[in-house]
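Topology and contacts: notes
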Amino acid sequence: MMKPSAPYSFNFRPLALPWVFALALSCSNNGSATRDASLGTPDTEPDPVVTTDSGVDSMMTADAPMTADLAVDIAFGDAVSSTLQEAGQLDGTAITYPTSCDDIGSEPTIPPACATVPATKTVVAGATTTEADETSLDTTVIQAALDACPAGQSVRLMADGANNALLVGAVQIRSGKTLWIDTGVTVYVSRNPRNFDAKPGSGLCGTAASNSACSGVFNMTASTNAGLMGKGTVDGQGGKPVLGSTSSWWQLNTAANGGLAAPRLVSANSGTGLVIQGLRFQNGGKFHIVLTGVQSFTIWGIAIITDPESPNTDGIDPAGSTNGVIAYCNISTGDDNIAIKGAGPLVVDNLIIAHNHFGKGHGMSIGSETNVGVRNVKVCDLSLDGTTNGIRIKSDVARGGLVTGISYTDVCMRNVSAPLVFNPFYTSGATGTLIPSFQNIVLSNVHVLGGGKVTLAGYDASNLLTLTMDNVVFDSIPTVTASQAAITLGPNPVTIAPSGTGVTVGGVVTGTAPPRDCSNAWVTFD
């Protein structure tokens, strides 16, 4: 294999690995991955739908039944995960992935600029881009600069005097290229759905069609070492009227009961070594960042700040993706802050979610799609401040599967309605034979400043929730509903005592560790 020039530099402990895996080290840490094979009220908004390379939608709405398309996706995901993951190799080279939260390397650095694109518009913060602006998009200039840029370099978007903004439709970021949005620059998303029709002329983006009807705003498709970086802002204008309408993306989505096809701010499909760093994303028309079938990625130091009443505005959705890190991010939005989706194409494996802060939103979620599998996920040093849910794994028989090897360490929560939710009956009335199984879940050093509702449920006696809690402290007594669960407590204090049908509790509390110190856990979201 030829050794292309790597566009990013990282500082991490050197390991004797081939170059093709060097970027993955930024996403994880020293150690080797072991590859092991009242229940709450569902969100009113359905879960996202993403499209795989096979062209079928691999996520269903929350109330959708099992379909032939999903069955195709399951088979496709099984085949891909078998060849790429179970064998533990890619291109014939053995892979050993670091997995520790303690050493995730350093923040990615922006590669040198090959070209500069100046801002062309002046927009006051909070204002709406005009119809005149919509006649002079900056997409073509940005795309041409990216396509002409050598691999390993970036295109830099900069302010130009009073001009502080650019307006774009769909932009493709190809292998080896980085788009650098500099400080003081805001890239606004066009309010014209026709600029995002995945099939030009179809007129389907902005209708109640599949999400695949829309291109993303920034697209990384089968890209290697592509990046979206800087200290600027991406504004999706989701709360502003869509061109030719008096309704916004959010209003149209509500009218479509969550089924509106809308452009994601970032859409990454397959690929490896993808980097998103430093930027502020706001007001997405629907989902902000979705990664599908990506084999290694780093999301570092971004902010996602969107109206908490906005529907389906998930922050980051890693879907069927592996070997990724999400670190030092602040996320406050209208749906799941992070939602890990397990509908394929790959088994979700080896994700590290470290040093993040959540404001409004639906919490740190896995599911509801888990049918292809989710394993080896580490969440550490997380604060949740005002989310509806805290730590949540959700699924049902229409989309269930194995979720195993999930750990949550050093977590602080306050003003969280449902701090712990493990729910295999997420959608009322769901039918199917895809049984959710939540196994080997560990909570350690979790401090809830309050009470709230706790749901600890397995599916049945053959598919118990297996959960360990060590130093899990609630300052107030929560309401606990538990069933079909094997729970281990200790060695440090646990202040809830689960009981219920099919519940066994073991372990011995012998330690006296104090609760997790949350005095410096909180940030502001603005």
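Just so it is clear, the model here is predicted, and its values are computed rather than measured.

In this section: the overall build of the chain. A tally of regular secondary structure across the chain gives three helices and 33 strands. Split into buried and exposed, the 526 residues of the chain put 57% on the buried side. As displayed, the chain has an accessible area near 18,600 Å², and 53% of this comes from carbon and sulfur atoms.

What follows concerns the pairing of strand E27 (residues 418–423). Among the six residues that make up E27, six are buried, leaving the element largely enclosed by the rest of the structure. In the sheet, strand E25 (residues 389–394) pairs with E27 via five bridges, with the strands oriented parallel. Following the sheet pairing, Arg 392 is matched in E27 by Val 421. Across three bridges, E27 lies against strand E29 (residues 453–457) in parallel orientation. Following the sheet pairing, Phe 422 is matched in E29 by Leu 456.

Time to look at the nonpolar core. Grouped together as the largest cluster of nonpolar side chains are 93 residues, with contacts concentrated most on Phe 281, Tyr 408 and Phe 422. Residue contacts for Phe 422: discarding those within four places in its chain leaves Ile 391, Ile 393, Phe 438, Ile 441, Leu 443, Thr 455, Leu 456, Ala 457, Leu 465 and Leu 467.

Bringing the environment of Gly 367 into the picture now. Tracing the chain through its elements places Gly 367 in the loop between strand E23 (364–366) and strand E24 (374–385). Owing to a relative accessible area of 0%, Gly 367 belongs among the buried residues under this scheme. Sequence spacing of Gly 367 and Pro 424 is 57 residues, and the spatial spacing of their C-alpha atoms is 9.8 Å.

As a further point, take the packing of aromatic side chains. Counted according to the given criterion, the structure contains two aromatic pairs. Between the aromatic rings of Trp 300 and Tyr 328, the centroid separation amounts to 5.3 Å while the plane-to-plane angle is 35 degrees, which identifies the pairing as tilted. Here Trp 300 is found in strand E16 (residues 297–300), whereas its partner Tyr 328 is found in the loop between strand E19 (322–327) and strand E20 (330–332), with 28 residues between them in sequence. Given the relative accessible area of 6%, Trp 300 is considered buried. For the ring pair Phe 425 and Tyr 459, a centre distance of 5.2 Å and an interplane angle of 25 degrees mean the geometry is stacked. Residue Phe 425 is located in the loop between E27 and strand E28 (437–449), and its partner Tyr 459 is located in the loop between E29 and strand E30 (465–474); the two are separated by 34 residues in the primary sequence. A relative accessible area of 34% places Phe 425 in the partly exposed class.

Let's shift gears to the state of the cysteines. This structure, assessed with the given rule, holds four disulfides. There is a disulfide in this structure between Cys 101 and Cys 380, and the S-S distance comes to 2.3 Å. Measuring handedness by torsion sign, the sulfur bridge of Cys 101 and Cys 380 sits at about -100 degrees and is left-handed. Taken as a pair, Cys 101 in the loop between strand E2 (93–94) and strand E3 (113–118) and Cys 380 in strand E24 lie far apart in primary sequence, 279 residues in all. Overall, the relative accessible area of 14% leaves Cys 101 in the buried class. Across the disulfide from Cys 114 sits Cys 149; the S-S distance is 2.0 Å. The sign of the S-S torsion, about -135 degrees, decides the handedness of the disulfide formed by Cys 114 and Cys 149: left-handed. Of this pair, Cys 114 sits in strand E3 while Cys 149 sits in the loop between helix H2 (139–148) and strand E4 (153–158), placing them 35 residues apart in sequence. Listing the disulfide partners of the chain by sequence rank of the bonded cysteines yields 1-6, 2-3, 4-5, 7-8.

Let us look at the pattern of salt bridges. One pass over the structure, following the stated rule, counts 13 salt bridges. Asp 138 is paired through a salt bridge with Lys 121; the nearest N and O atoms lie 3.1 Å apart. In this pair, Asp 138 is assigned in the loop between E3 and H2 and Lys 121 in the loop between E3 and H2, connecting sequence segments 17 residues apart. A relative accessible area of 7% means that Lys 121 is categorised as buried. We note a salt bridge from Asp 381 to Arg 516, for which the minimum N-O separation is 3.2 Å. Placement of the pair is Asp 381 in strand E24 and Arg 516 in the segment after strand E33 (503–506), with a sequence separation of 135 residues. The partly exposed category is assigned to Arg 516, whose relative accessible area is 25%. Several salt bridges share partner residues, and in doing so they unite Asp 336, Arg 392 and Lys 394 into one network.

Attention shifts here to the side chain of Ser 154. Tracing the chain through its elements places Ser 154 in strand E4. A polar side-chain atom of Ser 154 sits 3.0 Å from the main-chain carbonyl oxygen of Pro 111. Apart from residues no more than four positions distant in its own chain, Ser 154 is found in contact with Ile 110, Pro 111, Pro 112, Ala 113, Cys 114, Ala 115, Cys 149, Thr 178 and Trp 180.

Now for H2. Of all the residues in H2, the buried ones are Thr 139, Ile 142, Gln 143, Ala 145 and Leu 146. Viewed along the axis of H2, the buried residues span an arc of 165 degrees, placing them on a single side of the element. Turned more than 90 degrees away from the buried face of H2, the exposed residues are Thr 140, Val 141 and Ala 148.

Time to look at the confidence of the model for the chain. With 81% of its residues at a pLDDT of at least 70, the chain reaches an overall mean of 86. Per-element confidence in the chain is highest for strand E7 (residues 177–181), whose mean pLDDT is 99, and lowest for helix H1 (residues 68–86), whose mean pLDDT is 35. Note that pLDDT drops below 50 for residues 1–92; the model gives that stretch 244 contacts with residues more than four away or on any other chain.

Moving on, we get to the side chain of Asp 182. For Asp 182, the location among the structural elements is in the loop between E7 and strand E8 (186–189). Among the residues examined, Asp 182 registers a relative accessible area of 13% and is labelled buried. Those residues in contact with Asp 182 that lie beyond four places of it in its chain are Arg 156, Leu 157, Met 158, Lys 231 and Gly 232.

Thresholds applied
- Residues numbered from 1 in each chain as written.
- Predicted model: local features only at pLDDT ≥ 70, side-chain atom pairs only at ≥ 80, totals over all residues.
- Heavy atoms only, no water.
- Helix = DSSP H or I, 4+ residues; strand = E, 2+ residues; numbered from the N terminus.
- Buried < 20%, exposed > 50% of the residue type's maximum accessible area, 1.4 Å probe, protein only.
- Areas by Shrake-Rupley, 256 points an atom, 1.4 Å probe, with all protein chains shown as cover.
- Pairing = 2+ DSSP bridges.
- Core = buried A, V, L, I, M, F, W, Y, C linked by side-chain atoms within 4.5 Å.
- Contact = heavy atoms within 4.5 Å.
- Phe/Tyr/Trp six-rings, centres within 6.5 Å; stacked < 30°, edge-to-face > 60°.
- Disulfide = S-S within 2.5 Å.
- Salt bridge = Lys/Arg side-chain N within 4 Å of Asp/Glu carboxyl O.
- Polar contact = N/O pair within 3.5 Å; in protein donor to acceptor, adjacent residues only side chain to side chain.
- Arc of directions from axis to C-beta.
- pLDDT = per-residue confidence, 0-100.

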